Amino acid sequence: MTDAAEQKPTLGRVFLVVVDESPELKVALRYACRRAQKSGGRVAMCYVMEPTDYQEWVGVSNLIRDEARQQAEATMQKMAGEVQKLSGNFPILYFREGERQEEVMKLIAEEPTISILVLGAATGAKGPGPLISSLTGKAIGKLRIPITVVPGNLTDADIENIA
């Protein structure tokens, strides 16, 4: 008789990448794709839309939200095509609205299949970026998965060598 856990198919590791407009996103995404491909895992992408500040103007707020959603979907579709080319699988897509760190933490808590959070670090003088700074600070103790921080200045060849 086989155990129920042995019968259940698994996705392998799921590498979550937070999608934004930063230049280091491409490095984090490439790294996650290569790791997923080499380990039989999948890439998941999360786009977090910041809430609008036009609460007193409901119509304007809804219009801005719709435009932001369309932009988020276009960005995710473009990145999903890249993920499919690099990893061989279409990514798992998540859309959220709210404060980025809070929404990423909630998603990780809600989705037990997510195994690793992959973030690209900015290379400028301002530091690695606000999400990395917040998640590697006090919030790190609340995470149930490891974070992989990928330096934003890695080349494709560098990623091939380390992923």
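As the structure is a prediction and not an experimental result, all values here were calculated from the model.

1. Overview of the sheet that holds strand S1 (residues 14-19)
Ordered in space as S3-S2-S1-S4-S5, the 5 strands form an open sheet in which the pairing is parallel. Strands with a single pairing partner mark the edges of an open sheet, and in this sheet they are strand S3 (92-97) and strand S5 (147-151). Averaged over all pairs of adjacent strands, the angle between their axes in this sheet comes to 25°, without regard to strand direction. Of the pairings in the sheet, the one linking S1 to strand S2 (residues 42-49) comprises 6 bridges and is parallel in character. When the bridges of S2 are listed, Val 14 appears paired with Arg 42. The strands touched by helix H2 (residues 25-39) are S1, S2, strand S4 (114-121) and S5; relative to S1, the strand with the most contacts, the crossing angle is about 165°. Sheet strands touched by helix H4 (residues 100-110): S1, S2, S3 and S4. Its angle to S3, the strand with the most contacts, is close to 135°.

2. Structural notes on the nonpolar core
One broad trend across soluble globular proteins is that nonpolar side chains are buried collectively. In terms of nonpolar packing, the biggest core is built from 26 residues, with Val 17, Val 19, Leu 29, Val 43, Met 45 and Val 118 touching the most fellow members. In this structure Val 118 touches Phe 15, Leu 16, Val 17, Val 18, Ala 28, Tyr 31, Ala 32, Thr 148 and Val 150, once residues within four positions along its chain are discounted. Grouped together as the second largest cluster of nonpolar side chains are 22 residues, Val 18, Leu 117, Ile 132 and Ile 145 included.

Reading the values: rules and limits
All residue numbers here refer to positions counted from 1 along the written sequence of the relevant chain. Local features in a predicted model are, by the rule used here, given only for residues with pLDDT of at least 70; side-chain atom pairs are given and counted only at 80 or more, and totals for whole chains, interfaces and linings are based on all residues. Note that water and hydrogens are dropped before the side-chain values are worked out from all heavy atoms of the structure. Between any two strands, at least two bridges found by DSSP are needed for them to pair. Helix and strand labels come from DSSP, where a helix needs a run of H or I of at least four residues and a strand needs a run of E of at least two; each type is numbered from the N terminus. Each axis is a line fitted through C-alpha atoms, and for a helix only the stretch in contact is used; angles between axes span 0 to 180 degrees, taken between their N-to-C directions. Contacts: residue pairs with any heavy atoms within 4.5 Å of one another. To qualify as a nonpolar core, a set must consist of buried Ala, Val, Leu, Ile, Met, Phe, Trp, Tyr and Cys residues joined through side-chain atoms within 4.5 Å. Type-normalised accessible area, obtained with a 1.4 Å probe on protein chains alone, sets the label of each residue: buried when under 20%, exposed when over 50%, and partly exposed for intermediate values.

That's the geometry; what it means functionally is another story.
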